[in-house]
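# Breakdown of the fold
Read off the chains here:
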Amino acid sequence: MREGQRRVAATGPVPAVTVGPCGPDDVVALRHAVLRPHTTVEHATFAEDSYPATAHFCARDEAGSVVCVATVWPEAPPWPAGDNPLSLLPPGPPAAPGTAARSGDAAQNGAVAPHERPAAPRGLARSTPGEAWRLRAMATHPQWRGRGVGAAVVRAVTDHVAAQGGSLLWCNARLGARRFYERAGLTTWGEVWQEPVIGPHVVMYKRVATRRSG
Ligand SMILES: CC(C)(COP(=O)(O)OP(=O)(O)OC[C@H]1O[C@@H](n2cnc3c(N)ncnc32)[C@H](O)[C@@H]1OP(=O)(O)O)[C@@H](O)C(=O)NCCC(=O)NCCS
């Protein structure tokens, strides 16, 4: 087992999985198969995948096959950076990558235009990248779902964020995964919006007890 990896007993009559950090090449195939099957593998790759601060995590079964993946990097949260959302928001689409569809298709999709977005969660308005980390591309192989593997990967991600001095983990959650994220301690912020092709999303977040001092 490599440094930083943990053996996790999955619930139910299944072999244990090993959860730990991995490289971008380890996550892309499952990410593509589960989250972006309608497009090419290249389109399941993010520019951020190779950034120095980006971390990838996966769970492997006893044969070494990747059964769950997630990626995390420092990124400011999508809510207004001040106390008054109406005065501080720009008129155009939100700045955070991956959220632009909210403004453009707001009328058809029932999405919320940027100027209507609610204020930041209390105490989190000024979270900067470094404090705030974005969880992306969380996916468990269909045959491994419901066994605690995804939860174990989110724990590994959260531990990493805490160890890096982060205090906030957030994501654009698919609505179908909202309960999963709630079980992992995340809370919904703002309204649901429609991501073209992929479907309805909502921002979710949780505070992280940072472990790095100074
Ligand atoms: C969402 C996903 C990653 C969850 O992975 P998983 O390995 O099945 O999750 P776990 O088994 O660790 O579940 C942890 C908890 O969440 C619950 N949960 C997981 N998926 C759920 C779902 N779709 N609906 C309701 N509850 C769910 C489990 O019941 C479990 O609850 P418990 O703590 O009471 O036991 C997986 O279903 C998946 O890959 N879905 C398709 C891709 C996707 O939507 N990814 C999220 C992108 S934002």
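This write-up is about the structure you can find in this document. In this text the structure is predicted, and so the values were computed from the model without any measurement.

### Focus: the site of the ligand
- In the neighbourhood of the ligand, 21 residues make up the surrounding shell, with Met-138, Thr-140, Gly-148, Gly-150 and Ala-151 lying closest.
- Contacts to the ligand include Gly-146, whose backbone N or O atom sits 2.8 Å from an oxygen atom.
- In this structure, Gly-150 approaches the ligand through a main-chain N or O atom, which is 2.8 Å from an oxygen atom.
- When the ligand sits alone it has 910 Å² of accessible area, and the protein chains cover 70% of it.
- Most atoms of the ligand, that is more than half of them, are within 2 Å of grid points of the largest pocket.
- Sorting the residues of the shell around the ligand by element identifies helix 1 (24–35), strand 5 (132–140), helix 5 (149–163), strand 6 (168–174) and helix 6 (178–183) as the ones contributing at least two each.
- Take the shell around the ligand: its biggest share by element is four residues, from helix 6.
- Looking at side-chain class alone, the shell around the ligand contains 10 nonpolar, six polar and five charged residues.
- A domain-level breakdown of the shell around the ligand finds at least three residues from each of domain 1 (1–73 + 129–166) and domain 2 (78–126 + 171–208).

### Remarks on unusual backbone geometry
- Positive phi, normally seen in glycine, also occurs at Ala-137, with a value near 55°.
- Within the element layout of this structure, Ala-137 appears in strand 5.
- Among the residues examined, Ala-137 registers a relative accessible area of 13% and is labelled buried.
- Despite not being glycine, Val-197 shows a phi value in the positive range, around 70°.

### Re the pairing of strand 8 (residues 199–207)
- Counting buried residues along strand 8, seven of its nine residues qualify, which places the element largely inside the surrounding structure.
- Note that strand 6 and strand 8 share seven bridges and pair antiparallel. Following the sheet pairing, Ala-173 is matched in strand 8 by Val-202.
- The sheet contact formed by strand 7 (residues 187–195) and strand 8 spans six bridges and is antiparallel. Paired with Trp-189 across the strands is Val-203, a residue of strand 8.
- Between strand 7 and strand 8, which pair antiparallel and follow one another directly, the connecting turn spans three residues, one of which, Val-197, has a positive phi of 70°.

### Side note on the packing of aromatic side chains
- In total, this model carries four aromatic pairs according to the counting rule given.
- Between the aromatic rings of Phe-46 and Trp-73, the centroid separation amounts to 5.9 Å while the plane-to-plane angle is 75°, which identifies the pairing as edge-to-face. Within this pair, whereas Phe-46 is found in the loop between helix 1 and strand 3 (55–60), its partner Trp-73 is found in strand 4 (residues 66–74), the two being separated by 27 residues in sequence.
- A relative accessible area of 2% places Trp-73 in the buried class.
- When the ring of Trp-79 is compared with that of Trp-189, the centres are 5.5 Å apart and the planes differ by 70°; the resulting orientation is edge-to-face. Highlighted residues: Trp-79 in the loop between strand 4 and helix 2 (85–88) and Trp-189 in strand 7, separated in sequence by 110 residues. For the pair shown, Trp-79 and Trp-189 are each scored as buried.
- Aromatic rings pair up to connect Trp-79, Trp-189 and Tyr-205 into one cluster.
- In this structure, Arg-136 is placed above the aromatic ring of Phe-46, and the distance from its NZ or CZ to the ring centre is 4.0 Å.
- When the ring centre of Trp-144 is taken as reference, the NZ or CZ atom of Arg-147 above it lies at 5.0 Å.

Cut-offs and rules
- Residues numbered from 1 in each chain as written.
- Predicted model: local features only at pLDDT ≥ 70, side-chain atom pairs only at ≥ 80, totals over all residues.
- Heavy atoms only, no water.
- Near = heavy atom within 4 Å.
- Polar contact = N/O pair within 3.5 Å; in protein donor to acceptor, adjacent residues only side chain to side chain.
- Areas by Shrake-Rupley, 256 points an atom, 1.4 Å probe, with all protein chains shown as cover.
- 1 Å grid on protein atoms, 1.4 Å probe; cavity = no way out; pocket = protein on both sides within 12 Å on 5 of 7 lines; lining within 4 Å.
- Sits in = over half its atoms within 2 Å of the grid points.
- Helix = DSSP H or I, 4+ residues; strand = E, 2+ residues; numbered from the N terminus.
- Nonpolar A, V, L, I, M, F, W, Y, C, P; charged D, E, K, R; others polar.
- Domains from an automatic or database assignment.
- Buried < 20%, exposed > 50% of the residue type's maximum accessible area, 1.4 Å probe, protein only.
- Pairing = 2+ DSSP bridges.
- Phe/Tyr/Trp six-rings, centres within 6.5 Å; stacked < 30°, edge-to-face > 60°.
- Lys NZ or Arg CZ within 6 Å of the ring centre and 35° of its normal.

Distances and angles like these do not, on their own, reveal function.
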